[in-house]
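Summary of structural features
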Amino acid sequence: MKSLLTDQIFADQIPARTLLGLGPRGEDVGDLRQLQLAPLRGKGSLRLWMGLGMALVAALTMVLRVPVAVAGGWFAAALLFSLWSYRSFASLSLGDLKLSGLPEYRLCHRHAFYSAILWSATFWLQGLVPTLDHVLSIWAIALLMMLTLTMVAHSMPMVCILYIAPVSLSAAGALFRAGAPQIAAIALVAGLLLGTFCIRFAKTHIYFRRAEETLHEKNETVSLLLREFEETSADWLWQTDNARRLIHVSPRLAYALGASTEGLEGVPLLQALSGDAWESGQFPKSLHDMAERMKRRESFSNLIVPVTIDGTPRWWELSASPRLDEAGKFLGFRGVGSDVTEQRASAEQIAKMARFDNLTGLPNRLHLNEELARALKHAIDAKSRCALLMIDLDRFKAVNDTLGHPVGDKLLAQVAARLKGMIDRGMVCGRLGGDEFAVVLQDVASALDAEELAQRIIAAVSRPYVVDNHQLFVGASIGFAIGPQDGATVETLTRNADLALYKSKDKGGNHVAAYVASLHAQAEERRVMEQELRGALDRGEFEMYYQPVVTAADGTLNGFEGLIRWNNQKLGNVSPGRFIPLAEDSRLISPIGEWVLRTACHEAMRWPSNLKVAVNVSAEQLTDPAFASVVVSALAQSGLTPERLEIEVTESVFLRDGGGAAQLLDQLINLGIRLSLDDFGTGYSSLGYLRKTQFSTIKVDRSFVVGAAKGSIESIAIIRAVVALADSLGMSTTAEGAETEVEVDTLRALGCSNIQGYYYGRPMPSTDVLTLFRRPDSVETEAA
């Protein structure tokens, strides 16, 4: 286990007491002791022969000055100690990092001290007053022993000190007794310096050993990671010489290239990557870029290059850096590569998803803006024209509301398919979102060409659709702007085309409108109107007017049609034809329609009980599942009986409906509420509407009334057909807009059940209606 000391070792900040083994008891020194013991490993024989040799030299030196028996006895003791020390260390594992090394460390200290006692005795073998020649000769040998020991055991300063200190003190004492105090001082200083140097040398040794161990561990780690990288990663390593030829080819690289390692050795990297293009020299640009960087000996990272392997194109990501020797000489490149073909395909798919609509496959808003920018730039540069057509589907919202979004999505896909079939060269069609589409036209000769294409689009989109066994009808409103005359930027041209689209929708759908400058003022007026409309209910600006409906045969009053009026402080009296479509577009029609219904029921309770009240209901209201409960609530709160309430709807309800509105109307019929089909004959006039729903009344539009009074054969035929149809189905008919006596007589002659128009009375506020019932002849109301 490596402790804090390991970091100190690496930082060359080992305390001297720790290095000497004098630290606190139980101090965690990590692998320090084994690092100190490591230099002694394998040097047992050297220590043995060094000890025996020095002991023999000392014995031969002493034999001339001391008795032979004394010199021989000391030599015998030195011989036995050297052999015993050799055997003591022969079986020990010195420097094994798996062990603590503390017992071996202490054993070294003991043997050093024993050896010091043995050699210290040599100075006193002549007695307590030895001769100077004897001491000097022995000190020279002992000094050589100390120097040799510092070289052999330089990593263990305490071992050196335990030998140097006793020997130096013994030599200094003997020299002093021999009458050489100056030399004795020199012996002490020499011993002190050797001990100090041993500590310093030990620090340096441990520092470098620790650095070597750390470097070795890092090299092993790197080698292990590289092996693991090669074995488990999808990437591979590659290397080239200074001529950019592959060397040391890894098996994984060879496998990726579909070749053998031997076959790739020495092959130019560019040749290995380019495949058949190597012969022709027609390399992709990215390969040229890589070759140029390698020629300039530059590093590169995450470079995507095309690779041909067995004729199959792939994409690789390469990174590399130049290799240099210690002298800075270029040796080649070393790098890593990986196959990113799948990732690139995924990235391309993501990029396509970011630019194309997932549902229809058409370009999305981002892509369309780019195409429009290109078309505008071309038109400006070539002094030509381009166009932007904004397409909004009519009656699409009702499909989503009644049949659900899955059916709506399928319908959008069919609409997109029809639009795709109409796109020629120089056109781009895309989906902006929801039920909005757009077409960018390049090189448009005139606005008439754009309008002609718009008309063809409306005709194609308006054909019936069949989705999940539902027959659906939608139309299209189109607004267009010509660039650069109507806008020189994408934002301006888009905004102006959008204004034109609003204009076309205001016409009732299935219309085309071109941008004109006055649309800005209209847009501002529409914005102000919508803003005022949002607070109109709270400010109490709405008022109900009622127009009489009489029996055609005798002119008897049988009810009123409720009509809403709006008087705003800023805008004045606003026609319902202007604010009702705006209320439908801005989702305000539901609260306004609820107010109309509740107000009409409340005021009808003040009329005679034989009079009905008719209320117009928008198709938007019938898409709300809660509408039936609103009607029930209005009747309950007012006290009006269901038979006195008549709901008027137009056939647009069925054009926009997938069955939900018809079911809601059936619920109202079951409550006893009467239903009236308004404006019959002005639209599709499908008899299927009458089959689906039990209407009580069919209303004939004023245009047929005027035509019949003027003798129009077609108008007369239509009114007769409607009357006959109503009679056969048990329904009544109400003719609208009768203003003259001739028109009234004609309608009576044609058999209409009820008549409504200025001839019998204009729409009037509720207070005027009440005055009618105060007059004696209020039952028969005639025009003023």
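Residues numbered from 1 in each chain as written. Predicted model: local features only at pLDDT ≥ 70, side-chain atom pairs only at ≥ 80, totals over all residues. Heavy atoms only, no water.

Focus: the overall build of the protein chain
We count it as follows: Secondary structure elements are taken from DSSP: a helix is a run of H or I of four residues or more, a strand is a run of E of two residues or more, and numbering for both begins at the N terminus. For the exposure calls, accessible area comes from a 1.4 Å probe over protein chains only, and a residue counts as buried if that area is under 20% of its type's maximum, exposed if over 50%, partly exposed in between. Accessible surface area values rest on a Shrake-Rupley calculation with a 1.4 Å probe, where residue burial reflects the displayed protein chains alone.
A count of helical and extended segments in the protein chain gives 33 helices and 21 strands. Buried residues in the protein chain amount to 47% of all 784 residues. Total accessible area computed for the protein chain in this model is approximately 38300 Å², and 56% of it derives from carbon and sulfur atoms.

Some remarks on helix α17 (residues 396–403)
Basically, it comes down to this: Between two residues, a contact is recorded if the distance between any of their heavy atoms is within 4.5 Å.
Regarding α17, the residues found buried are F396, A398, V399 and N400. Residues of α17 that are buried in the fold lie against β5 (386–394), α18 (405–421) and β9 (470–472). Once α17 ends, the next one or two residues include G404, with phi positive near 100°.

Section: helix α21 (residues 519–534)
How we decide: Here, expected helix span is obtained from the residue count minus one, scaled by 1.5 Å. What the arc describes is the spread of directions from the helix axis to the C-beta atoms.
For α21, with 16 residues, the first-to-last C-alpha span of 22 Å sits near the 22 Å given by 1.5 Å per residue. Of the positions making up α21, those classed as buried are L519, R526, M529, E532 and L533. Seen along its axis, α21 keeps its buried residues to an arc of 145°; they face one direction.

A look at the packing of helix α30 (residues 702–709) against helix α32 (residues 741–750)
For clarity, the cut-off: Axes, fitted as lines to C-alpha atoms, cover a helix only where it is in contact. Angles between the N-to-C directions of the axes lie from 0 to 180 degrees. The scheme is simple: roughly parallel for angles under 35 degrees, roughly antiparallel for over 145, roughly perpendicular for 65 to 115, oblique for anything else. For this scheme, ten residues count as nonpolar: Ala, Val, Leu, Ile, Met, Phe, Trp, Tyr, Cys and Pro. Four count as charged, namely Asp, Glu, Lys and Arg, and the remainder, Gly too, count as polar.
Packing of α30 against α32 leaves a shortest axis separation of 9 Å and a crossing angle of 95°. With respect to α32, the element α30 is oriented roughly perpendicular. Counted together, R702, V705, V706, A708 and A709 of α30 and V742, E743, T746, L747 and L750 of α32 form the full contact between these two elements. Across the contact of α30 with α32, the residue classes tally to 7 nonpolar, 1 polar and 2 charged.

Observations regarding the environment of F396
With respect to the helices, strands and loops of the structure, F396 is situated in helix α17. The buried category is assigned to F396, whose relative accessible area is 5%. Placed 15 residues apart in sequence, F396 and L411 show a C-alpha to C-alpha distance of 8.9 Å. For F396, the contacting residues outside a window of four places in its chain are G408, L411, L412, D435 and V474.

Brief notes about the sheet that holds β5
Basically, it comes down to this: By definition, two strands form a pair when at least two bridges between them are found by DSSP.
On the basis of which strands lie adjacent, the open sheet formed by 5 strands has the order β6-β7-β5-β10-β11 and mixed pairing. Of all strands in the sheet, those with a lone pairing partner are β6 (427–433) and β11 (512–514), marking the two edges. Direction aside, neighbouring strands of the sheet carry axes that sit 20° apart on average. Judged from the 3 bridges that link them, strand β10 (residues 475–483) and β11 form a sheet pairing that is parallel.

Describing the pairing of strand β17 (residues 674–680)
In terms of burial, β17 is a largely internal element, 5 of the 7 residues being buried. Note: strand β16 (residues 645–650) against β17, 5 bridges, orientation parallel. Looking at the pairing, T650 lines up with D678 of β17. Here β17 runs beside strand β18 (residues 697–700); their pairing, made up of 3 bridges, is parallel. Its bridge partner lying in β18, F680 is registered against V700.

Digging into the pattern of salt bridges
Two side chains bearing opposite charge may form a pair once their charged atoms approach each other closely. Operational definition: Salt bridge, as applied in this entry: a Lys or Arg side-chain nitrogen positioned within 4 Å of an Asp or Glu carboxyl oxygen.
In total, this model carries 28 salt bridges according to the counting rule given. Linking K505 and D394 is a salt bridge whose minimum nitrogen-to-oxygen distance equals 3.4 Å. One end of the pair, K505, is in helix α20 (residues 490–506); the other, D394, is in strand β5, and 111 residues separate them in sequence. A salt bridge links E561 to K699, with the nearest nitrogen and oxygen atoms 3.2 Å apart.

Concerning empty space enclosed by the protein
For clarity, the threshold we go by: Think of a 1 Å grid over the protein atoms and nothing else: a 1.4 Å probe that fits but is trapped marks a cavity, an open set flanked by protein within 12 Å on at least five of seven lines marks a pocket, and residues with an atom within 4 Å of a point count as lining. Grid points are joined across faces, edges and corners, and a volume is the space filled by probe spheres set on the points.
Scanning the model with the defined rule gives 3 cavities of 30 Å³ or more in all. Approximately 480 Å³ is the volume found for the largest cavity. Considering the residues around the largest cavity, the lining is formed by 25 residues, among which R47, F81, S85, S115 and L149 are closest to the centre. Only α4 (44–62), α5 (68–90), α6 (102–120), α7 (132–152) and α8 (157–177) provide two or more residues apiece to the lining of the largest cavity. Taken together, the residues of the lining of the largest cavity sort by class into 18 nonpolar, 6 polar and 1 charged. Computed from the structure, the second largest cavity encloses a volume of approximately 40 Å³. Lining the second largest cavity are W236, W238, L246, L253, L257, L269, L273, W316 and L318. Of the residues contributing to the lining of the second largest cavity, the split by class is 9 nonpolar, no polar and no charged.

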